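Each chain, written out:
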Number of protein chains: 2
Amino acid sequence: MTDRELHLGVNVLSDGMHPAAWQHPDADPNWFTDPAYWIELARIAERGTLDALFLADSPSLFQPPDAPLTAPPLALDPIVLLSTLASATTHLGLIGTVSTSFEEPYNLARRFATLDHLSRGRVAWNVVTSSDPYAWNNFGRGGGVSGQPDRRDRYRQAAEFIDVVRALWDSWDDDAVLADKAAGAFSRVGAIRTIDHRGEFYSVDGPLTLPRSPQGHPVLFQAGGSAGGLDLAAKYADGVFAAQASLPDALRNADDLRSRTAAYGRPRDAVRIMPGLSFVLGSTEEEARRRNDELNALAGERRLAHFASQLSVDPSELSWDKPLPRYLLDGAVTDTGSQGARDIVVNLARRENLTVRQLLDRVITWHRLVIGGPEQIADAIEEWFVAGAVDGFNLMPDVFPSGLELFVDHVVPILRDRGLFRREYRHTTLRGHLGLSRVPDRRGNVIGVAAVG
Amino acid sequence: MTDRELHLGVNVLSDGMHPAAWQHPDADPNWFTDPAYWIELARIAERGTLDALFLADSPSLFQPPDAPLTAPPLALDPIVLLSTLASATTHLGLIGTVSTSFEEPYNLARRFATLDHLSRGRVAWNVVTSSDPYAWNNFGRGGGVSGQPDRRDRYRQAAEFIDVVRALWDSWDDDAVLADKAAGAFSRVGAIRTIDHRGEFYSVDGPLTLPRSPQGHPVLFQAGGSAGGLDLAAKYADGVFAAQASLPDALRNADDLRSRTAAYGRPRDAVRIMPGLSFVLGSTEEEARRRNDELNALAGERRLAHFASQLSVDPSELSWDKPLPRYLLDGAVTDTGSQGARDIVVNLARRENLTVRQLLDRVITWHRLVIGGPEQIADAIEEWFVAGAVDGFNLMPDVFPSGLELFVDHVVPILRDRGLFRREYRHTTLRGHLGLSRVPDRRGNVIGVAAVG
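From a predicted model like this one, the values you see are computed outputs, not experimental measurements. (Residues numbered from 1 in each chain as written. Chains lettered and ligands numbered in written order. Predicted model: local features only at pLDDT ≥ 70, side-chain atom pairs only at ≥ 80, totals over all residues. Heavy atoms only, no water.)

**Examining the overall build of chain A**
If you tally the helices and strands in chain A, you get 16 helices and 16 strands. In summary, chain A has a C-alpha radius of gyration of 22 Å against a globular reference of 22 Å for 453 residues, a match within 12%. Overall, the C-alpha framework of chain A stretches about 75 × 55 × 45 Å when taken along its three principal axes. For chain A, contacts bridging at least 24 residues in sequence account for 76% of all contacts bridging at least 6. Of the accessible surface of chain A, which amounts to about 16,200 Å², a share of 52% is contributed by carbon and sulfur atoms. Each charge sign in chain A was given a centre, from 47 positive and 59 negative side chains, and these centres are 4 Å apart. (Helix = DSSP H or I, 4+ residues; strand = E, 2+ residues; numbered from the N terminus. Rg over C-alpha atoms; globule rule 2.2 N^0.38 Å. Contact = heavy atoms within 4.5 Å. Areas by Shrake-Rupley, 256 points an atom, 1.4 Å probe, with all protein chains shown as cover. Lys, Arg positive; Asp, Glu negative; His and termini not counted. Charge placed at Lys NZ, Arg CZ, Asp CG, Glu CD.)

As structure tokens, this is what we get:
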């Protein structure tokens with residue numbers, strides 16, 4: 001266990017994970033479009049030697065479009081924002097979510113390669129396929145709104161999309177730029193090649209417009225715990241960000257993912273498992289509870305409504321001091337919509353016989369929630385890490401920037417003192433932070449495969 | 001004339017306008033993917049109080065894909081790069097080219113709005129429709145490569161694309177963010193609305209994910225001088241970047257554009273006309289000629305091959321010391337492909353009876369070329385500006401960064417001393433630099449129209 005390294009990212013959801021984050025006295029609700037705010041967050045994360053800053057995304061307001069907003073949305077385009085954050089930091093990894101459903105693979109491959117150059121090797125693409133119906137309604141063709149394809153089709157398209165993107169990232173050899181001024185020869189003959197992809201969904205000639213990037217390939221993350229998502233992660237991903245609410249489920253899930261990964265001929269531990277970890281942190285547990293009570297009071301009944309909408313039930317079906325409705329607790333585990341994540345929450349409620357109020361002290365959205373002092377948060381991280389359920393966490397503080405600042409100033413030092421977390425960056429690329437090698441170019445891959453075979 | 005303002009942008013084509021730019025002793029051919037290089041260029045432009053830095057683009061290598069490169073390509077994605085440049089500058093306008101043919105309007109609207117927030121109001125979208133066949137081959141659908149639609153269809157699609165983008169930019173009212181912490185109300189009821197666009201090409205619900213940006217709408221540029229392009233510019237654009245090789249043609253073109261603009265009910269001078277101006281600059285004309293000879297020697301016969309491919313003729317049809325082939329000089333003016341730009345060059349050759357060698361001292365690609373000392377470059381700018389043919393130029397130096405640095409240090413002071421160009425920025429937004437107002441929100445537009453009617 002001693003050579004395993006703990007990995008920590010921070011998932012910046014505009015104002016924070018708590019539905020009342022923007023109402024907290026520490027928050028300024030107008031910051032969500034201000035570059036200075038985002039740069040400050042990135043610099044706090046870098047001061048804490050975190051592996052990466054993670055940007056979730058969906059190209060919609062993620063709610064019925066004419067309803068007023070109850071919190072700041074995921075407003076800024078993540079790719080554009082990451083470029084600004086790259087120029088304001090030197091070591092922090094930068095992970096951006098982009099759906100395979102609303103982009104062209106050529107554009108996406110080029111944008112992440114560009115970001116990898118501009119950040120000098122610090123970016124990752126978090127692949128999602130988007131089940132958000134409001135997003136689909138923003139990308140219809142003429143003559144009417146296109147329907148959303150079913151999950152299986154979306155994942156088949158995502159797999160082809162990733163294949164195209166990776167082929168484009170390899171369309172230049174590492175030494176393609178010759179730059180022979182005297183001869184007037186800029187690139188090496190034969191070192192930049194078309195990919196000539198002809199598939200079910202895409203037809204792409206290539207090559208890309210730019211040299212291979214510092215990491216060879218930008219890192220690939222995958223988010224979402226459905227069977228299709230896990231399979232995509234096992235085949236392609238360097239890291240997963242999936243919701244986990246309890247240690248038994250997290251252990252089972254990690255084992256499942258590792259077996260699937262091995263089945264693709266990859267090392268069992270090839271994928272960094274980093275589920276979300278939300279927290280409300282105080283200098284003591286009591287202070288944390290007070291901060292949590294204060295936030296809950298600000299959110300009021302919105303918490304219940306929010307939870308009901310996640311569970312796809314009517315708010316009237318939930319009562320604070322009762323268990324979840326019987327039919328949910330008895331429901332069969334299925335794999336449609338966000339069912340994978342929903343099952344995780346329902347499993348926890350059933351296993352520990354929790355009321356709604358108790359459950360909402362343990363999970364937020366689909367993610368594990370811990371309320372406590374610095375030692376308790378550090379314990380919560382160490383427990384799952386040592387158990388082998390995770391390689392780290394994608395942190396989801398209650399309120400930005402104060403929640404992140406508290407973590408960096410009070411929890412990170414404890415993790416360092418316990419020998420769990422780096423005291424300083426030892427690498428300059430995100431692959432380096434994650435203990436992953438640079439991806440070799442086509443010739444390197446050919447040699448690698450030959451050596452293994 | 002005294003209240004007209006001269007506007008100057010710089011069009012950064014990786015290494016410079018001259019085909020041998022990267023071979024020049026001042027150039028480092030490995031800079032084209034290095035953020036430090038691009039940031040340095042932006043800061044030189046800002047030191048010269050230029051209106052904007054302009055990034056051309058096509059999502060391809062713009063040449064037969066398996067042929068080796070003879071110069072650095074337009075490698076980096078312009079939108080991603082502009083975000084880095086926004087964070088490294090404070091006043092410089094930032095113009096990025098994106099084709100309407102390979103993007104979704106929702107994504108484009110969101111990215112430019114994001115850039116406008118991150119730059120605090122300094123971005124422009126340069127609209128193109130892409131005739132580059134290699135680009136089209138990177139965006140085929142499954143089952144085979146999609147053919148390129150004809151120019152008229154491309155422009156009809158572009159117009160609808162722009163309509164969707166502008167509607168999305170107006171999907172939030174200016175005061176939509178309420179941020180009432182006590183009431184828990186983040187947005188004003190009814191201030192964020194769907195656009196419900198149902199058109200020939202697109203079906204987009206909206207709203208956008210983010211508040212209206214500092215400029216209201218990012219500035220719109222249009223590049224290209226075909227009739228379709230001019231019409232698009234007249235209807236929508238705040239600025240045009242079209243090739244012009246001679247003053248008579250530039251005057252005729254400006255008059256045409258202004259008439260078309262007026263026909264759309266806009267002020268005749270609503271569009272800033274900024275054609276390309278390439279230059280080779282020395283401290284004297286003699287030094288400039290030496291620099292030019294040196295570059296031409298490095299490029300050798302590539303210059304002729306390059307020019308032949310632009311004209312869509314075989315290199316064997318061109319001789320350095322003869323006029324253009326008769327059939328070109330006699331050819332009818334048409335409007336397909338890049339014919340608009342080609343006619344401009346052929347017109348100049350015919351009017352002044354130039355050999356190929358003489359012609360290539362006057363134009364580069366399709367653009368006006370001036371070789372001389374600082375006073376001569378300043379004269380060239382002043383002549384066309386005072387004649388009313390242009391509102392300024394999009395500068396295309398021979399070699400980066402030295403060509404731009406020479407211009408900022410030696411030509412800008414002359415233009416300032418002549419009272420033609422600003423000594424310091426008087427505005428913080430690109431609209432401000434260009435003498436354009438912020439675009440009011442939907443309610444503002446309604447009030448504006450009512451007041452006029």
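**Quick notes on unusual backbone geometry**
Cis geometry is adopted by the peptide bond preceding A:P207, which originates at A:G206 and carries an omega value of -5°. For A:P207, the location among the structural elements is in the loop between β9 (202-204) and β10 (219-223). Here the residue pair A:F400 and A:P401 is connected by a cis peptide bond, since its omega of -5° sits within 30 degrees of zero. With respect to the element layout, A:P401 can be found in the loop between β16 (392-397) and α14 (402-417). The backbone of B:S312 shows a phi angle near 60°, a positive value even though the residue is not glycine. The class for B:S312 is exposed, based on a relative accessible area of 60%. (Buried < 20%, exposed > 50% of the residue type's maximum accessible area, 1.4 Å probe, protein only.)

**Thoughts on the environment of A:S58**
Take A:S58: it is sitting in the loop between β2 (52-55) and α2 (78-88). Placed 236 residues apart in sequence, A:S58 and A:E294 show a C-alpha to C-alpha distance of 29 Å. Setting aside chain neighbours within four positions, we find A:S58 in contact with A:L74, A:D132, A:A135, B:R110 and B:T209. Among the polar contacts listed, one links the side chain of A:S58 to the side chain of A:D132, at a separation of 2.6 Å. (Polar contact = N/O pair within 3.5 Å; in protein donor to acceptor, adjacent residues only side chain to side chain.)

**Quick look at the sheet that holds strand β3 (residues 93-99) of chain A**
Residue and element names in this part refer to chain A. The strand order across the open sheet formed by 11 strands is β12-β11-β10-β4-β3-β2-β1-β16-β13-β15-β14, and the pairing between neighbours is mixed. In the strand order of this sheet, the two ends are held by β12 (272-273) and β14 (363-364), each with one partner. As defined by bridge partners, β14 adjoins strand β15 (residues 367-372) across two bridges and the pair is classed as antiparallel. Among the inter-strand pairings, I364 is bridged to a residue of β15, identified as H367. The sheet strands contacting helix α3 (residues 105-118) are β3 and β4 (123-128), and the helix crosses β4 at an angle near 150°. Set on the sheet, helix α8 (residues 285-299) makes contact with β13 (276-281) and β15; between it and β15 the angle comes to about 120°. (Pairing = 2+ DSSP bridges. Axes fitted to C-alpha atoms, helices over the stretch in contact; angles between N-to-C directions.)

**Description of the packing of α3(A) against helix α5 (residues 151-169) of chain A**
Residue and element names in this part refer to chain A. Orientation of α3 relative to α5, taken along the N-to-C sense of each, is 50°, at an axis distance of 9 Å. In terms of orientation, α3 and α5 fall into the oblique class. The two elements α3 and α5 meet at a crossing, and its hand is right-handed. Touching P105, Y106, L108, A109, F112 and A113 of α3 are F161, V164, V165, L168 and W169, all from α5. (Parallel < 35°, antiparallel > 145°, perpendicular 65-115°, else oblique. Left-handed = near helix turned anticlockwise from the far one by under 90°.)

**Quick notes on the packing of aromatic side chains**
Taken as a whole and assessed by the stated rule, the structure comprises 28 aromatic pairs over all chains. Centre to centre, the rings of B:W31 and B:Y37 are 5.1 Å apart; their planes meet at 25°, and the pair counts as stacked. Given the relative accessible area of 25%, B:W31 is considered partly exposed. Looking at B:Y37, the relative accessible area reads 4%, which means it is buried. Taken together, the aromatic side chains of A:F112, A:W125, A:F161, A:F201 and A:Y202 make up a single cluster linked through ring pairs. The cationic tip of A:R4 hangs over the ring face of A:F385; the distance from NZ or CZ to the ring centre is 4.1 Å. (Phe/Tyr/Trp six-rings, centres within 6.5 Å; stacked < 30°, edge-to-face > 60°. Lys NZ or Arg CZ within 6 Å of the ring centre and 35° of its normal.)

**Overview of the relation of the copies chain B and chain A**
When chain B is fitted onto chain A, the two copies agree to an RMSD of 0.0 Å after a turn of 180° and an axial shift of 0.0 Å. Such a turn and shift between the copies fits a two-fold axis. By residue overlap, the copies meet face to face through one surface: 100% of the interface positions of chain B are interface positions in chain A. (Least-squares fit on C-alpha atoms with pLDDT ≥ 70 in both.)

**Concerning the environment of B:L257**
Summarising the element assignment, B:L257 is placed in helix α7 (residues 247-263). On a C-alpha basis, the gap between B:L257 and B:L230 in space is 6.3 Å, while along the polypeptide they are 27 residues apart.

**Digging into the interface of chain B and chain A**
Each partner contributes to the interface: chain B provides 85 residues, whereas chain A provides 85 residues. Approximately 6,900 Å² of surface area, both sides summed, lies buried where chain B meets chain A, with 55% of it carried by carbon and sulfur atoms. For the pair chain B and chain A, the interface holds 10 salt bridges. Of the charged contacts, one joins A:R110 and B:D57 as a salt bridge, the two residues approaching to 2.6 Å between their closest N and O atoms. Broken down by secondary-structure element, the contributors of at least two residues to the side of chain B that touches chain A are α1 (35-47), α2 (78-87), α3 (105-118), β5 (140-141), β6 (177-180), β7 (185-187) and β9 (202-204) of chain B. For the side of chain B that touches chain A, the element with the highest residue contribution is α3(B), accounting for eight residues. Considered class by class, the residues forming the side of chain B that touches chain A number 42 nonpolar, 26 polar and 17 charged. Bridge count for strand β5 (residues 140-141) of chain A against β9(B) is two bridges, and the pairing is antiparallel. In the strand pairing of β9(B), A:G140 is matched with B:S203. (Buried area = accessible area lost by both parts, 1.4 Å probe. Salt bridge = Lys/Arg side-chain N within 4 Å of Asp/Glu carboxyl O. Nonpolar A, V, L, I, M, F, W, Y, C, P; charged D, E, K, R; others polar.)

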